[in-house]
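Listed below are the residues making up each chain.
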Amino acid sequence: MLKIRIAGTESELRQIAHKAGSTRIKRFKRDNGKTTFAIDVQISVKDFLGNLDLSASEGSDCNPQEIQAELEQLLDDISDK
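For clarity, every value in this text was computed on a predicted model and none was experimentally measured.

Trainee: Tell me about the overall build of the chain, and name the residues and values.
Mentor: When helices and strands are counted, the chain shows three helices and three strands. Counting all 81 residues of the chain, 16% fall into the buried class. Across the chain, every contact between residues at least 6 apart in sequence was considered, and the portion connecting residues at least 24 apart equals 46%. Accessible surface, the chain: about 6,600 Å² in total, of which carbon and sulfur atoms supply 47%.

Pasting the structure below:
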C-alpha cells in the first residue's frame, strides 16, 4: 500500500475526502503563521498505477508492470526494516 499526502485548501480537501471515504483533514501551522491542510490517502500500488496515464509522459517507454514490480519490491524492502 502507498500512503499519499494531499495538501490544499480546506474546501478542496473536503471534496476529495468525501470521494476518498476519508474525513480526517489535518491542520498544520507553519512557522510563517499560515495554516496548511492535508489528508492522507492509502491506495494499492496496482490502483495507483492504474490511475496514472503513463502514455502521456513525454518520450517515455514506461512499462506499468515493471514499475509496479519495482514499487512492490521497494515497499517490501521498507517493511522488512
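Trainee: How would you sum up the pattern of salt bridges? Please name residues and give values.
Mentor: What the rule picks out here adds up to four salt bridges. Residue Lys 3 pairs with Asp 40 through a salt bridge whose shortest N-O separation is 3.9 Å. Of the two residues, Lys 3 sits in strand β1 (residues 2–8) while Asp 40 sits in strand β3 (residues 35–43), which places them 37 residues apart along the sequence. Residue Asp 40 is joined to Arg 5 by a salt bridge in which the shortest nitrogen-to-oxygen separation is 2.8 Å. Taken together, the residues span a long stretch of sequence, with Asp 40 in strand β3 and Arg 5 in strand β1 at a distance of 35 residues. Using a relative accessible area of 18% as the deciding quantity, one classes Asp 40 as buried. Linked by salt bridges that have partners in common, Lys 3, Arg 5, Lys 26 and Asp 40 make up one network.

Trainee: Explain the sheet that holds strand β2 (residues 26–29) to me, and be specific about the residues and the numbers.
Mentor: Read from one edge to the other, the open sheet built from three strands follows the order β1-β3-β2, with strand pairing classed as antiparallel. Looking at which strands have only one partner, the edges of the open sheet turn out to be β1 and β2. Each strand axis lies, on average, 35° off the axis of its neighbour in the sheet, ignoring direction. Pairing between β2 and β3: four bridges, direction antiparallel. Along β3, the bridge assignment pairs Phe 28 with Thr 36.

Trainee: Give a detailed account of the environment of Lys 46, specifying residues and quantitative values.
Mentor: Its place among the elements puts Lys 46 in helix α2 (residues 45–51). We classify Lys 46 as exposed; its relative accessible area is 59%. Considered as a pair, Lys 46 and Leu 2 are 44 residues apart in the sequence and their alpha carbons are 9.9 Å apart.

Trainee: Give a description of the nonpolar core that names residues and reports values.
Mentor: In this structure, Leu 13, Ala 17, Phe 37, Ile 39 and Val 41 together form the largest nonpolar core, which totals five residues. Looking at this core element by element, the count peaks at three residues for β3. Discounting chain neighbours no more than four positions away, the residues touching Ile 39 are Ile 4, Arg 5, Ile 6, Leu 13, Ile 16, Ala 17, Arg 24 and Ile 25.

Rules of the game
- Residues numbered from 1 in each chain as written.
- Predicted model: local features only at pLDDT ≥ 70, side-chain atom pairs only at ≥ 80, totals over all residues.
- Heavy atoms only, no water.
- Helix = DSSP H or I, 4+ residues; strand = E, 2+ residues; numbered from the N terminus.
- Buried < 20%, exposed > 50% of the residue type's maximum accessible area, 1.4 Å probe, protein only.
- Contact = heavy atoms within 4.5 Å.
- Areas by Shrake-Rupley, 256 points an atom, 1.4 Å probe, with all protein chains shown as cover.
- Salt bridge = Lys/Arg side-chain N within 4 Å of Asp/Glu carboxyl O.
- Pairing = 2+ DSSP bridges.
- Axes fitted to C-alpha atoms, helices over the stretch in contact; angles between N-to-C directions.
- Core = buried A, V, L, I, M, F, W, Y, C linked by side-chain atoms within 4.5 Å.

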